[in-house]
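Structural features, examined
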Amino acid sequence: MVLKPEDILRIAREEAERQRSYRYRINVCCSSGCLPFGALQVLKAFEEAIKEFGLQGECRVSRTGCVGTCSVGPVVLIEPGGYLYQNVTPENAREIVKSHIVSGKPVKELLYANEAFFKKQLRLVLRNAGKIDPLKIEDYIAAGGYSALIKCLTKMTPKEVIDEVIASGLRGRGGAGFPTGQKWNFVAREKNTPKYVVANLDEGDPGVFANRTLAEADPHAIIEGMAIAAYAVGAEKGYIYVRAEYPLAVQTLREALKQARSMNLMGKNILETQFSFDIELRLGAGAFVAGEETGILASIEGRRAMPRPRPPYPATSGLWGKPTLIQNVETLANVPLIILNGGSWFAKIGTPKCTGTKCFSLTGKVNNPGLIEVPMGITLREVVFEIGGGVPSGRRFKAVLVGGPSGGCLPESLLDLSIDYESLTKAGAIMGSGGIVVIDDESCMVDTAWFFTDFCVDESCGKCVPCRVGLLKMRNILERIMKGEGRLEDLDILSELGEYVRDVSLCGLGQTAPNPVLTTLRYFRDEYITHIFDKRCPAGKCFRSQVSMKEAP
Amino acid sequence: MSGAGTVKLKINGVEVTAYEGETILEAAKRAGIRIPTLCYLDGLSNYGSCRLCIVEIKGSPKLFPSCTTPVSNGMEVITDSERLRKYRKMTVELLLSEKPHVCAVCVANGNCELQDLAKEFGVDHLRFDREWTRQKIDLTHDFLVIDNNRCILCTRCVRVCDEIEGVHVLDIKARGKDSQIIVDMDEDWGSSRSCTSCRKCARVCPVGAIYVRDKPISETKDKDIAQFIISRRRR
Ligand SMILES: Cc1cc2nc3c(=O)[nH]c(=O)nc-3n(C[C@H](O)[C@H](O)[C@H](O)COP(=O)(O)O)c2cc1C
Ligand code: SF4
Ligand code: SF4
Ligand code: SF4
Ligand code: FES
Ligand code: FES
């Protein structure tokens, strides 16, 4: 099938019309969070109930991606009206159809009650998540998908595309926050060919699932963003690097690529234009360091995912020595919106230096955990206490770890900190790939620092001395303190080692891994002191306190 | 020397002219300024793992490995400072405590680059507990031995075997603290069919991890071997 830009726009119109003709749309989340709780059975139950009541022409039941409230899955969203049902069972399905669809009376007892969860969110990257069927390209197209690519291919030069991205102020969502447009410029001006675009979907941080969710919910947003990036920098080939532990994301992306190819949106002479671009999936075996930009390159080339020193940067010498653009998938999913609405529209969202939104995986001791998307510049307090609904009753908020396993533990006094790259870094945390873990007073901060340091010890690639040995020694000292064998000098050595590992390590893993230790030393020093002098864990967590409790008469 | 293809920079306040594309380490070396190194070896690709050669560049709070950072015009490099010395000493201490480095019972005693650096930085005791690793010691080759319990993972052996001898017998397995040098697909050295027994690996190993059995190490170590071979091949 050879399609032209007009054909895609026509398909969009027709599909949108067809969808408007349904009185109700029943969206059953079948993303990784809801699947294990029986989402597919719920989907089937809805389809059967619709048939039973003879509503096939009036209702569309579809599988969709994550709505964000995964902890109360399976989740079902009924449009119009945005009715969100939680913990839906197959039995509920019939009840919902009977009451909500047939009699127009939503089943109140089953509705998601935490309105606050959505109130402060701004869902741009996740615009389609939970609303479209990720396995139907028509759904994406009907929602305006691929019109940004068409606009680029038919109305904009590569330079204009880059200028628009620069104007948007978009910065990389993979952690470091490098200006995206500027990176595109670097790759675009390279003479060496072929060039490559790599979408980074490794997401090795534990407890972080925003990128996976995005791929499962809206794969075409990533693909479209990649195609636009490829057009802008002059690449003909792209790779999406996904960890193999994300089978549903892999399957969804694979199907999406197939559909994009069948519609001429991928491959040779896309939509009859001069632009050719195709994407290959590469599965990673699942090492945290494989997400580091030079690590990912080595892995795609079929080598050990070991980082290498930069320069040369991938923009000049990436895959097989060729100019390569590496971008996080969330960054890429922002691109179509920027092209459609303009860079200046995007630049107004968030803060002046940190535009747009950011997806976070909100977990830990919080009432409404899940996947959220918020404008940059929102405060931690708003995220933890308004969106997250605070700490479950009976417990007190103690700290919040921002930025995944190598993020920083920030205390209550910093809750009014604005979430942007600079403020977080100043406080000792990082944006990372967007993990926010809420910690309550039941947790010991030494134990927390040990837990994340231990993760990084396991994940260190072993190439450079500071990260390989320095972190190991930090972990061992923490262990000693937890056993009640700590010495006061240990605190100085921990800070000295932490600063050394941060400053001297080769790649971002080592450079950020000391953050949990450094921030707990900074904000929760008294807990270390209690462990060392009183040989006691204030939270009653550590080895020694368990031992002494047993020993106590 | 100046003009096309060269750049001017300052190292420790002294103006130095260097070739474009050269590393800071190379430029410093030609100017007679020594920067401590361990994983670097003239003639092999640059690896950047030991972090001993870190330097400061004016205008940046970051540290840069001089063995992999290219020179640029107007750059002002500092190769020695209190901070750098403190960090280099830390690296040596960490390496010494990563494995059971007991110099008294090491073949390389007196001919060891790690030992030399420990002396240079005044490491008189270790602030960290030593790890008593039990990694593989391969004694199956006729005369070559690898004792991973002394290896500092600089990969000089891996690189010399791959890039100079051209056979890539050696590599690393596992990761992090469990990383180990292996022969072929982690087989016994004695049964290796790819090893040419050229001894280059033993000649470049900075410590006592790969050595030729029953030979004084002072005779078998030769860290200029890679550069020597390359210069001969060019003739
Ligand atoms: C240890 C480590 C792991 C990383 N993992 C990821 C990852 O899973 N996904 C990602 O997009 N970036 C990851 N990064 C950041 C990448 O190196 C790189 O900065 C990013 O992919 C660039 O894309 P962006 O500019 O769109 O953020 C990681 C970095 C480090 C040091
Ligand atoms: S910092 Fe850690 S992960 Fe990165 S190169 Fe060094 S050892 Fe490897
Ligand atoms: S003896 Fe030569 S061929 Fe054998 S492992 Fe050593 S360097 Fe490689
Ligand atoms: S065996 Fe020697 S040369 Fe090889 S990595 Fe270990 S210390 Fe370096
Ligand atoms: S996975 Fe279903 S709501 Fe997140
Ligand atoms: S000599 Fe530069 S990092 Fe080892």
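Numbering of residues starts from 1 in every chain and runs along the sequence as written. Here the convention is simple: chains get letters from A, ligands get numbers from 1, in the order in which they are written. Only residues with pLDDT of at least 70 get local features here, since the model is predicted, and only at 80 or more are side-chain atom pairs given and counted; chain-wide, interface and lining totals rely on the full set of residues. Hydrogens are left out, water is left out, and the side-chain values use all remaining heavy atoms of the structure.

Things to note about the overall build of chain A
- Helix and strand definitions follow DSSP, with helices as H or I runs of at least four residues and strands as E runs of at least two, each counted in order from the N terminus. Counting its secondary structure elements, chain A contains 23 helices and 15 strands.
- As a reference, a globule follows 2.2 Å times the number of residues to the power 0.38, and the radius of gyration itself is taken over C-alpha atoms. In terms of overall size, chain A behaves like a compact globule, its C-alpha atoms giving a radius of gyration of 25 Å where 553 residues would be expected to give roughly 24 Å.
- Considering only C-alpha atoms, chain A reaches an extent of 75 × 65 × 40 Å along its principal axes.
- Looking at chain A residue by residue over its 553 residues, the buried ones come to 62%.
- The contact rule is simple, with two residues in contact once any of their heavy atoms fall within 4.5 Å. A sequence separation of at least 24 residues applies to 72% of the contacts in chain A between residues at least 6 apart.
- Computed with the Shrake-Rupley method and a 1.4 Å probe, the accessible areas treat only the protein chains shown as cover for residues. Total accessible area on chain A stands at roughly 20400 Å², and carbon and sulfur atoms take up 53% of it.
- A gap of 2 Å separates the mean positions of the 67 positive and 63 negative side-chain charges of chain A. Buried, partly exposed and exposed residues are distinguished by accessible area as a fraction of the type maximum, computed with a 1.4 Å probe on protein chains only: under 20%, between the cut-offs, and over 50%, respectively. We treat Lys and Arg as the positive residues and Asp and Glu as the negative residues; His and chain ends play no part in the count. One atom stands in for each charge, and that atom is NZ of Lys, CZ of Arg, CG of Asp or CD of Glu.

Some words on the nonpolar core
- Nine residue types can take part in a nonpolar core, namely buried Ala, Val, Leu, Ile, Met, Phe, Trp, Tyr and Cys, and a core is a set of them joined through side-chain atoms within 4.5 Å. If you look at the biggest cluster of nonpolar residues, it comprises 88 residues, and the most contacted ones within it are Tyr528(A) and Leu170(B).
- Counting residues per element, this core draws most heavily on helix H18 (residues 465-482) of chain A, which supplies 10 residues.
- Filtering out sequence-adjacent residues up to four positions away, Leu170(B) remains in contact with Cys157(B), Val158(B), Cys161(B), Ile181(B), Ile182(B), Val183(B), Cys201(B) and Ile210(B).

Digging into the site of ligand 2
- The environment of ligand 2 is formed by 13 residues, the closest being Cys461(A), Cys464(A), Cys467(A), Cys507(A) and Gly510(A).
- Side-chain classes follow a simple rule in which Ala, Val, Leu, Ile, Met, Phe, Trp, Tyr, Cys and Pro form the nonpolar group, Asp, Glu, Lys and Arg form the charged group, and the remainder, Gly included, forms the polar group. Taken together, the residues of the shell around ligand 2 break down into 8 nonpolar, 4 polar and 1 charged. Nearness of a residue to a molecule or strand requires only that one of the residue's heavy atoms be within 4 Å of it.

Quick notes on the pattern of salt bridges
- Here, a salt bridge means any Lys or Arg side-chain nitrogen found within 4 Å of an Asp or Glu carboxyl oxygen. On inspection of all chains with the given rule, the structure shows 59 salt bridges over all chains.
- For Asp139(A), the salt bridge identified is with Arg25(A), shortest N-O distance 3.7 Å. Of this pair, Asp139(A) sits in helix H5 (residues 137-142) while Arg25(A) sits in strand E1 (residues 24-29), and the two are 114 residues apart along the sequence. Neither Asp139(A) nor Arg25(A) differs from the other in exposure class; each is buried.
- Across the pair Lys177(B) and Asp178(B) runs a salt bridge, and its minimum N-O distance is 3.7 Å.
- By relative accessible area, Lys177(B) is classed as partly exposed at 28%.
- Its relative accessible area of 42% is what places Asp178(B) among the partly exposed residues.
- The structure contains a network of salt bridges with shared partners spanning Glu15(A), Arg18(A), Arg25(A), Arg60(A) and Asp139(A).

Focus on the environment of Pro179(A)
Residue and element names in this part refer to chain A.
- One can find Pro-179 in the loop between helix H7 (158-168) and helix H8 (180-188).
- Here the alpha-carbon distance between Pro-179 and Asp-492, two residues 313 residues apart in the chain, equals 36 Å.
- Among all residues touching Pro-179, those that are not within four sequence positions of it are Leu-170 and Arg-171.

Some points on the interface of chain B and chain A
- Contacts between the two partners involve 32 residues from chain B, matched on the other side by 32 residues from chain A.
- What counts as buried area is the accessible surface, traced by a 1.4 Å probe, that two parts surrender upon association, with contributions from both included. Summed over both sides, the interface of chain B with chain A buries roughly 2700 Å², with 57% coming from carbon and sulfur.
- At the surface where chain B touches chain A, the tally comes to 6 salt bridges.
- Put simply, Glu131(B) and Lys473(A) hold a salt bridge, and the shortest N to O gap is 2.8 Å.
- Any pair of N or O atoms that falls within 3.5 Å is considered a polar contact. Within protein, one atom must be able to donate a hydrogen and the other to accept it, and sequence-neighbouring residues count only if both atoms are side-chain atoms. Our count for the contact surface shared by chain B and chain A stands at 19 residue pairs in polar contact (both at pLDDT 80 or more).
- Mapped onto the side of chain B that touches chain A, the elements with two or more residues apiece are helix H2 (82-98) and strand E8 (170-173) of chain B.
- Ranked by the residues each element gives to the side of chain B that touches chain A, the list is headed by H2(B), at 9 residues.

So, the confidence of the model for chain B
- Confidence scores per residue from the predictor, reported as pLDDT, run from 0 to 100. Considering every residue of chain B, the mean pLDDT works out to 96; 98% of them sit at 70 or more.
- Interface confidence in the predicted complex, given as ipTM, is 0.97; pTM for the same model is 0.95.

Focus: the site of ligand 4
- Every one of the 13 residues lining ligand 4 counts as a neighbour, but Cys151(B), Cys154(B), Thr155(B), Cys157(B) and Cys205(B) are closest to it.
- Broken down by class, the residue content of the shell around ligand 4 amounts to 11 nonpolar, 1 polar and 1 charged.

Some points on the sheet that holds strand E5 (residues 76-78) of chain B
Residues and elements named next belong to chain B.
- Sheet architecture is open: 5 strands sit in the order E2-E1-E5-E3-E4, paired in mixed fashion. Each edge of the open sheet is held by one strand with a lone partner, namely strand E2 (14-19) and strand E4 (63-65). The average angle at which neighbouring strand axes cross in this sheet is 40°, direction not considered.
- One requirement defines pairing of two strands: DSSP has to find at least two bridges between them. Inspection of the sheet shows strand E1 (residues 6-11) paired to E2 by 6 bridges, in the antiparallel sense. Bridging across to E2, Ile-11 finds its partner in Val-14.
- Each of strand E3 (54-57), E4 and E5 touches H2; the most contacted strand, E3, lies at about 160° to it. In this description, a line fitted to the C-alpha atoms serves as the axis of each element, helices being fitted only across the stretch in contact, and the angle between N-to-C directions of two axes falls anywhere from 0 to 180 degrees.

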